[in-house]
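As a plain string of letters, each chain reads:
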Amino acid sequence: RTAITGVSVIVSVASLFYAYKTSSRLTDLAPPKNGVEELIGNTPMVLLPSLSKFTGCKIYAKLELANPAGSAKDRVALNIVRTAETQGLLTRGHRDVVFEGTSGSTGISIATICNALGYQSHISLPDDTSPEKLALLECLGAHVKKVKPASIVDPDQYVNAAKKACKLLNEEGHGNKGIFADQFENEANWTIHYQNTGPEIYQQLGGRINAFIAGCGTGGTIGGVSRYLKERLGDSVHTILADPQGSGFYNRINYGVMYDHVEKEGSRRRHQVDTIVEGIGLNRITRNFKCCEEYIDSSIRVTDEQAIKMAKYLCVNDGLFIGSSTAVNAVAAVRVAQEMPAGSTLVLIACDSGSRHLSKFWKEASAVRNDIQLCDIV
Ligand code: PMP
């Protein structure tokens with residue numbers, strides 16, 4: 001009987017402790033939001049235990065994939081819309097139109113935000129865009145215009161097509177206004193990462209950050225965050241651009257020259273046609289990149305094969321199902337950590353989830369063996 005009483009005392013104490021732990025977690029809950037707009041940003045930060053153990057450093061991921069439309073582009077789309085509203089170029093509830101040329105996450109963020117705020121979205125994209133992205137845009141009610149893949153210097157290229165469609169709407173004056181979102185050149189992009197993403201990262205890690213790692217598509221994320229962190233922490237933080245194969249940023253950052261192979265200025269990055277990683281890498285200098293280039297210290301090149309293996313590794317070992325650009329960042333983070341003093345703190349951007357990349361990237365990644373080792377990746 002004494003033994004039974006002892007056990008029940010232990011069980012009661014354990015359940016009280018569990019109740020205490022659970023309730024203390026419940027007090028961390030955020031109050032209700034007034035709409036999807038308010039769900040954007042304040043994304044979680046998570047330690048990547050397997051990479052941290054391997055390197056002896058603390059490697060964190062800023063989970064931008066937790067934004068309501070699934071990527072860091074929610075912040076950018078919302079800031080582009082808000083900036084246009086303050087300039088009187090869009091009016092909420094008037095069914096005004098946001099135009100963009102994009103085959104990536106930006107279209108999905110724009111379509112979502114337009115739905116939430118009473119606008120329409122018009123997305124031009126190349127007709128070889130992956131079927132899941134196309135289906136998603138159509139589900140979201142975006143007006144989708146498919147065009148032939150072409151160089152940016154071609155007037156019918158998808159970015160130019162969006163710009164032209166916007167101009168036409170405004171000239172014809174049907175009662176709706178239109179804006180061209182222009183994520184590559186519009187400075188509402190890097191500024192929101194400078195104003196929000198950077199400060200969030202700084203606060204979440206108590207200012208103890210030795211390295212920041214991100215890829216570069218428009219340059220908004222790496223530029224805005226690096227600029228903020230450098231201004232706060234100076235040279236005690238290293239800012240590193242993780243660049244996929246076929247992209248020119250690696251040579252631009254490390255050696256000051258953009259073009260390292262066959263492509264001429266303005267052409268599409270080859271990987272958008274031939275390779276697996278999506279959303280990052282380019283061979284032209286955009287305004288968002290240029291505004292913050294001086295705050296980026298160095299670049300690391302990552303192959304598709306390394307990214308594919310890393311995605312599988314993180315999925316199997318840490319339970320994190322990531323997209324291709326996040327995998328590129330994770331490979332670069334491990335390489336950086338291996339060169340840093342033990343105990344250093346690194347943070348990488350987890351831009352989107354694996355579910356956006358099922359038909360291409362994850363088709364390859366799912367074939368990688370479950371027992372893959374980090375030393376076989378980096
Ligand atoms: N990852 C993914 C999946 C993206 O779609 C993008 C944007 N194209 C990026 C990373 C890069 O972000 P940024 O445009 O801010 O450089």
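Please read all numbers here as calculations on a predicted model, not as lab measurements.

A. Structural detail: the pattern of salt bridges. Within the structure shown, the criterion is met by 18 salt bridges. When the shortest N-O distance is used, the salt bridge between Lys167 and Glu171 registers 3.3 Å. Here Lys167 and its partner Glu171 are both found in helix α6 (residues 158-172), four residues apart, which amounts to about one turn of the helix. Judged by its relative accessible area of 54%, Lys167 falls in the exposed class. Where salt bridges share partners, they join Glu37, Arg82, Glu85 and Arg92 into one cluster.

B. Focus on the site of the ligand. Contacts to the ligand come from 13 residues, most closely from Lys73, Gly217, Thr218, Thr221 and Ser325. At a separation of 2.5 Å, an oxygen atom of the ligand approaches a polar side-chain atom of Thr221. The protein chains hide 92% of the 390 Å² of surface that the ligand would expose on its own. Along the lines of polarity and charge, the residues of the shell around the ligand split into three nonpolar, eight polar and two charged.

C. Structural context of the sheet that holds strand β2 (residues 58-63). Taken together, six strands build an open sheet; the order of strands is β1-β2-β10-β7-β8-β9 and the sheet is mixed. Every other strand in the sheet has two partners, leaving β1 (45-47) and β9 (298-302) as the edge strands with one partner each. Sheet twist, expressed as the mean angle between neighbouring strand axes with direction ignored, is 25 degrees. Here strand β7 (residues 211-214) pairs with strand β8 (residues 238-244) via four bridges, running parallel. Looking at β8, one finds that Ala214 is bridged to Leu241. Strands β1, β2, β7 and β10 (345-350) of the sheet are contacted by helix α7 (residues 188-204), whose axis makes an angle of about 140 degrees with β2.

D. Representation of the packing of aromatic side chains. Applying the stated criterion to the full structure yields seven aromatic pairs. Centre to centre, the rings of Tyr194 and Tyr228 are 6.0 Å apart; their planes meet at 75 degrees, and the pair counts as edge-to-face. Of this pair, Tyr194 sits in helix α7 while Tyr228 sits in helix α8 (residues 220-233), and the two are 34 residues apart along the sequence. Residue Tyr194 is classed as partly exposed on the basis of its relative accessible area, which comes to 25%. Judged by relative accessible area, Tyr228 falls into the buried class, the value being 12%. With centroids separated by 6.4 Å and ring planes inclined at 85 degrees, the aromatic side chains of Phe361 and Trp362 adopt a geometry described as edge-to-face. A relative accessible area of 1% places Phe361 in the buried class. Given the relative accessible area of 8%, Trp362 is considered buried. Grouping aromatic residues by their ring pairs yields a cluster made of Trp190, Tyr194, Tyr202 and Tyr228.

Parameters and conventions
Residues numbered from 1 in each chain as written. Predicted model: local features only at pLDDT ≥ 70, side-chain atom pairs only at ≥ 80, totals over all residues. Heavy atoms only, no water. Salt bridge = Lys/Arg side-chain N within 4 Å of Asp/Glu carboxyl O. Helix = DSSP H or I, 4+ residues; strand = E, 2+ residues; numbered from the N terminus. Buried < 20%, exposed > 50% of the residue type's maximum accessible area, 1.4 Å probe, protein only. Near = heavy atom within 4 Å. Polar contact = N/O pair within 3.5 Å; in protein donor to acceptor, adjacent residues only side chain to side chain. Areas by Shrake-Rupley, 256 points an atom, 1.4 Å probe, with all protein chains shown as cover. Nonpolar A, V, L, I, M, F, W, Y, C, P; charged D, E, K, R; others polar. Pairing = 2+ DSSP bridges. Axes fitted to C-alpha atoms, helices over the stretch in contact; angles between N-to-C directions. Contact = heavy atoms within 4.5 Å. Phe/Tyr/Trp six-rings, centres within 6.5 Å; stacked < 30°, edge-to-face > 60°.

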